[in-house]
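As a plain string of letters, each chain reads:
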Amino acid sequence: MNSDHAPDVASSSTRRRAFMLVAHGGAGTIRKRVMTPEQRAAYREAMTDALRAGCDVLSAEGTSLDAVQAVITVLEDSPLFNAGKGAVFTHDGTHEQDAAIMDGSTLRAGAVAGVQHIAHPIALARLVMERTKHVMLSGDGAEAFAREEGVPLVPSEYFSTERRWAELEKARQAEEAGGAAGAAVGTRLNRDLGTVGAVALDVHGNLAAGTSTGGVTNKRWGRIGDSPIIGAGTYANNACAALSATGIGEHFIRNVVTYDICARMIYGGESLDQAARHMIGTVLVAQHGDGGLIGVDRDGNITMPFNTEGMYRGFVGPDGAVTVKIFE
């Protein structure tokens, strides 16, 4: 496993019988100076386990969709990330999760939003894609569909962790304090993000992308971010690339970031890395939009730009060597 000194861009020189897999565990206020060696090792181990799960699928000539789902399922099972088991709390002390998956070969997509009792939202999003005529289901309707499909619902306590509850209490206290100081603290808390995602190119030349999130701490009114919105936080198209985003979702929605990157590639002739870095490093920065993304194009080139202090991210190709990074 390589260190933070590995490059952020990799390429695959062979078009056929090569694959590439990239994953992220969220971008945000990840401070190197306060992260202990033990914490850093735990995140690296979780990211490595997830990438290896997806690599096993691709090595056996499995599909990019299966690989993406395998990666995200592992991350949803970890309390370290803001998805599945580790989802943050809403203002009311509940959990509302969003997820999406997209098939670049057909442009089929499935998404769920605001589900509260689903251990693996990415799996339910795929069922929406494969078993319905729709793209997105939300709330009670999404969970009714889950019951019809035999997906077990879990109690709210399944998602409760002391760490996330402490984050909610700090956010509530900041909100109650009011004023500029309270708002600043609340903003910093909401930038400690952990959305997870994966993108893959399989040996058949097909791309896929998926994203899963618990939203932002202390969110209200059924707020939905960019993760389940196709073209904002998740997008895949064999004509260009597969992308998954993480960050302050409102900015990714307003700029339809993942689709815009593909449009720049198709209509403007930009490379994946060039288009992605423009969106993250120029467009979002100008709007004070924090975040990052991962992407892989149809030739196996990857990109992992972010404009925050850190982003949990990694990739693996046909040689099976896993690279995981946290900081710049």
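Note that the coordinates shown come from a computational prediction; the quantities given were computed from them, not determined experimentally.

> Explain the side chain of Glu270 residue by residue, including any values.
Relative to the elements of secondary structure, Glu270 occurs in the loop between α8 (257–268) and α9 (272–286). Within the structure, the side chain of Glu270 is placed 3.2 Å from the side chain of Arg264, a separation counted as a polar contact. Here Glu270 is in contact with Arg264, Met265 and Ala275, once residues within four sequence places are set aside.

> I'd love a proper account of the packing of helix α2 (residues 64–76) against helix α3 (residues 121–131), names of residues and values included.
Between α2 and α3, the least distance of the axes is 8 Å, while the angle of their chain directions is 150 degrees. Our classification of the angle between α2 and α3 gives roughly antiparallel. Contacts between α2 and α3 involve Leu65, Asp66, Gln69, Ile72, Thr73 and Glu76 from the former and Pro121, Ile122, Ala123, Arg126 and Met129 from the latter. Considering only residue class, the contact of α2 with α3 consists of 6 nonpolar, 2 polar and 3 charged.

> Tell me about empty space enclosed by the protein, and please be specific about residues and values.
One pass over the structure, following the stated rule, counts 2 cavities of 30 Å³ or more. Surrounding the largest cavity, 10 residues form its lining, Thr195, Thr213, Gly215, Arg223 and Gly247 being those nearest its centre. Its residues assigned to classes, the lining of the largest cavity shows 2 nonpolar, 6 polar and 2 charged.

> Give me the lowdown on the pairing of strand β2 (residues 97–103), citing residues and values where you can.
In terms of residue burial, β2 counts as a mostly covered element, since 7 of its 7 residues are buried. Side chains Gln97, Ala99, Ile101 and Asp103 project from β2 onto one buried face, and the interleaved Asp98, Ala100 and Met102 project onto a second face that is buried too. Relative to strand β3 (residues 109–115), β2 runs antiparallel, the two being bridged by 5 bridges. Bridge pairing links Ala99 to Val112 in β3. In textbook terms, the turn of a hairpin is the stretch between consecutive antiparallel strands, and for β2 and β3 this stretch comprises 5 residues, one of which, Leu107, has a positive phi near 65 degrees.

> Could you give an account of the nonpolar core, with specific residues and numbers?
Ranked by size, the top nonpolar core spans 46 residues in total, and within it Phe81, Leu124 and Tyr312 carry the most contacts. Among the elements that take part in this core, helix α1 (residues 37–59) stands out by supplying 7 residues, more than any other. When residues no more than four places from it in sequence are discounted, the contact partners of Phe81 are Gly25, Tyr43, Ala46, Met47, Leu75, Gly86, Ala87, Arg164, Gly194, Val196 and Tyr312. Counting 36 residues, the second-largest nonpolar core is a separate cluster that includes Leu201, Leu243, Ala276 and Met311.

> Tell me about the sheet that holds strand β11 (residues 310–316), and please be specific about residues and values.
If you trace the 8 strands from one edge of the open sheet to the other, you get β4-β3-β2-β6-β5-β1-β11-β12, paired in mixed fashion. The outermost strands of the open sheet, each flanked by one partner alone, are β4 (136–138) and β12 (322–325). Going across the sheet, the axis of each strand differs from the next one's by a mean of 10 degrees, ignoring polarity. Here 6 bridges tie strand β5 (residues 196–201) to strand β6 (residues 207–213), and the two strands are oriented antiparallel to one another. Bridging from a neighbouring strand, Ala200 pairs with Ala208 of β6.

> Describe α8, and please don't skip the residues or the numbers.
Regarding α8, the residues found buried are Val257, Thr258, Ile261, Cys262, Ala263 and Met265. Buried residues belonging to α8 abut β7 (234–236), β8 (241–247), α7 (249–254), α9 and β9 (291–297).

> Run through the packing of aromatic side chains, naming residues and quoting values.
Enumeration according to the criterion identifies 6 aromatic pairs in this entry. Each ring, one from Phe81 and one from Tyr312, has its centre 6.1 Å from the other, and the planes form 85 degrees; the classification is edge-to-face. On the criterion of sequence distance, the pair formed by Phe81 in the loop between α2 and β2 and Tyr312 in strand β11 is long-range, its members being 231 residues apart. Residue classification places Tyr312 among the buried residues on the basis of a relative accessible area of 6%. Here the aromatic rings of Phe89 and Trp165 are separated by 5.0 Å at their centres, their planes lie at 80 degrees, and the arrangement is edge-to-face. With Phe89 in the loop between α2 and β2 and Trp165 in helix α5 (residues 162–177), this pair connects stretches of sequence that are 76 residues apart. Taking relative accessible area as the criterion, Phe89 reaches 4% and is therefore assigned buried.

> Help me get a handle on the sheet that holds β7, residues and values and all.
Across the sheet, 4 strands lie side by side as β7-β8-β9-β10; this open sheet has antiparallel pairing. Both edges of this open sheet fall to β7 and β10 (302–303), since each of them pairs with a single strand only. Bridge analysis of β9 against β10 gives 2 bridges, and the strand direction is antiparallel. The partner of Val296 across the bridge, within β10, is Ile302. α8 rests against β7, β8 and β9 of the sheet, and its axis sits at about 145 degrees to β8. Where α9 meets the sheet, its contacts fall on β8, β9 and β10, and the angle it forms with β9 comes to roughly 165 degrees.

> I'd like a description of unusual backbone geometry, backed by residues and values.
Its identity is not glycine, yet Glu61 carries a phi of approximately 65 degrees, on the positive side. Tracing the chain through its elements places Glu61 in the loop between α1 and α2. The backbone of Leu107 sits at a positive phi, close to 65 degrees, despite the residue not being glycine. Inspection of the secondary structure assignment puts Leu107 in the loop between β2 and β3.

Basis of the calculations
Along each chain, the written sequence defines residue order, and numbers are assigned to residues from 1. It should be noted that, the model being predicted, local features are given only for residues of pLDDT at least 70 and side-chain atom pairs only at 80 or more, the latter also being counted only at that level, while totals for whole chains, interfaces and linings use all residues. Water and hydrogen atoms were dropped before computing side-chain values, which therefore reflect all heavy atoms in the structure. In this description a helix means any DSSP run of H or I spanning at least four residues, a strand means any run of E spanning at least two, and both kinds are numbered starting from the N terminus. A 3.5 Å cut-off defines polar contacts: any pair of N or O atoms within that distance qualifies, except that in protein one atom must be a possible hydrogen donor and the other a possible acceptor, and neighbouring residues in sequence count only when both atoms are side-chain atoms. In what follows, residue pairs with any heavy atoms lying within 4.5 Å of each other are defined as contacts. Working convention: axes come from line fits to C-alpha atoms, limited for helices to the stretch in contact. Angles between N-to-C directions cover 0 to 180 degrees. Throughout this description, any angle smaller than 35 degrees is read as roughly parallel, any larger than 145 degrees as roughly antiparallel, any in the 65 to 115 degree range as roughly perpendicular, and the remainder as oblique. Each residue gets one of three labels, nonpolar for Ala, Val, Leu, Ile, Met, Phe, Trp, Tyr, Cys and Pro, charged for Asp, Glu, Lys and Arg, and polar for the others, Gly among them. Whether a set of points on the 1 Å grid over the protein atoms alone is a cavity depends on a 1.4 Å probe fitting there but being unable to get out, while an open set qualifies as a pocket with protein on both sides within 12 Å along at least five of seven lines; lining residues are those with an atom within 4 Å of a point. Grid points are joined across faces, edges and corners, and a volume is the space filled by probe spheres set on the points. When accessible area is computed with a 1.4 Å probe and restricted to protein chains, residues below 20% of their type maximum are described as buried, those above 50% as exposed, and intermediate ones as partly exposed. Here the rule is simple: two strands pair whenever DSSP picks up at least two bridges between them. Within this scheme, the nonpolar core is defined by two criteria: the residues are buried Ala, Val, Leu, Ile, Met, Phe, Trp, Tyr or Cys, and they are joined through side-chain atoms within 4.5 Å. The rule is short: rings of Phe, Tyr and Trp, with Trp giving its six-membered ring, pair when the centres are within 6.5 Å, and they are stacked under 30 degrees, edge-to-face over 60, tilted in between.

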